[in-house]
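Here's the letter readout for the chains.
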Amino acid sequence: MQKTYLARFGVMLGLVAGLAAPLGAYAADTYPDKPIRIVVPYAAGGGVDIVTRLITQKMAEELKQPVIVDNRPGAATNIGMEHVARAEPDGYTLLTASNTLASNAALFPKLNFNPAKDFAPIGAIGFAPLVVVVRSDASAKTLKDLVAQGRANPDKLTYGSAGNGSSGHLASELLKSEGGFKALHIPYKGGSPAVTDLLGGRLSFMSINPLEVASHVKAGKLRALAVLNPHPAKLLPDVPTAESQGLSGVDATVWWGLVGPAGMPEPVVKRLNKALQAALVDPAFQQRMSEIGAEVTPGSAADFGRFVADESVKWTKVIRAAGISAD
């Protein structure tokens, strides 16, 4: 399956390169000559929106054109993604992609677009690792304790998430699979109500972005058991990784990157990637990303394409093994 996804992204990049020949000189000489829109498939004020707005100012300076954020939330990001997938591949309509680019094909089998074929990668922006948290008075003091409880009492553990197919849901299913234990999923309409129930003792644990729970951990209301990434979390640097506790196969993050419609001329992709890299190395941007617990990940369009393909393979396997649907 991994080869299939990599092949799809390889074909996509090949098509981009093929189209560059007749359009390349024109695009290189004139692009951009009008404002660029970056579609955020979420409502204003959320994490993806914040990250997008952080990069737009520096990208606009580099491109010498306004870069406008266009929020198009709904249908688990499919509304915004379909809008960009169907846009002209001229570099003026882009998408801030996140985890759903790699998971929605498996969650929604009847999409009107193909996430693996209908987008051209431009570059990664960054990521934040997820953490596993419990109430501070929970009997589980470590991740190993939680796993042991789930194995010994398969009908007692529950975990919450922001909804079916959300990053926290998929991360917890990966944790269950690698840890060999069971827990019942309780979906919520957003992360905040789930955290409220965790604080109230109505859930056993959550896998969540540290930005959403760091204040509760520091206040002693929640206990962070593990970081679901090989590297420590910036907001919770003292929390051990899952890998250090014997679960090396658990790597779950929230991530962001830029894509455009498939078929963009190669010079346009390169121009956009150059502007993105200028934003990523900006000290003010890096400082702000650090404050929200995120790591910056510079790189080429091809690097990001390979990353998305790998993520698609991983989460499709988790979704199918757990029988997860978006409903």
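Fair warning: this is a prediction, and the values are worked out from it, not measured in the lab.

Residue-level account of the nonpolar core, with values.
Core analysis: the biggest nonpolar cluster contains 63 residues, and Met59, Ile125, Leu175, Phe205, Leu228, Trp256 and Leu272 have the highest contact counts within it. Counting residues per element, this core draws most heavily on helix α9 (residues 266-280), which supplies seven residues. Excluding anything up to four places from it in sequence, tryptophan 256 contacts Val48, Val51, Thr96, Ala97, Ser98, Ala124, Ile125, Gly126, Phe127, Ala128, Met289 and Ala294. With 19 residues, the next largest nonpolar core counts Ala214, Val217, Val227 and Leu235 among its residues.

Which residues make up the packing of aromatic side chains, and what values go with them?
Applying the stated criterion to the full structure yields seven aromatic pairs. Ring geometry for phenylalanine 304 against phenylalanine 307: centres 6.3 Å apart, planes inclined by 15°, an arrangement best described as stacked. Of this pair, phenylalanine 304 and phenylalanine 307 both sit in helix α11 (residues 301-322), three residues apart, roughly one helical turn. Looking at lysine 34, its charged tip hangs above the ring of tyrosine 92, at a distance of 4.7 Å from the centre.

Give a description of the pairing of strand β10 (residues 253-261) that names residues and reports values.
Among the nine residues that make up β10, nine are buried, leaving the element largely enclosed by the rest of the structure. Bridge count for strand β3 (residues 93-97) against β10 is three bridges, and the pairing is antiparallel. Bridge pairing links leucine 95 to valine 259 in β10. As judged from the nine bridges shared by strand β4 (residues 119-129) and β10, these two strands associate in the antiparallel manner.

The rules behind each value
Residues numbered from 1 in each chain as written. Predicted model: local features only at pLDDT ≥ 70, side-chain atom pairs only at ≥ 80, totals over all residues. Heavy atoms only, no water. Core = buried A, V, L, I, M, F, W, Y, C linked by side-chain atoms within 4.5 Å. Buried < 20%, exposed > 50% of the residue type's maximum accessible area, 1.4 Å probe, protein only. Helix = DSSP H or I, 4+ residues; strand = E, 2+ residues; numbered from the N terminus. Contact = heavy atoms within 4.5 Å. Phe/Tyr/Trp six-rings, centres within 6.5 Å; stacked < 30°, edge-to-face > 60°. Lys NZ or Arg CZ within 6 Å of the ring centre and 35° of its normal. Pairing = 2+ DSSP bridges.

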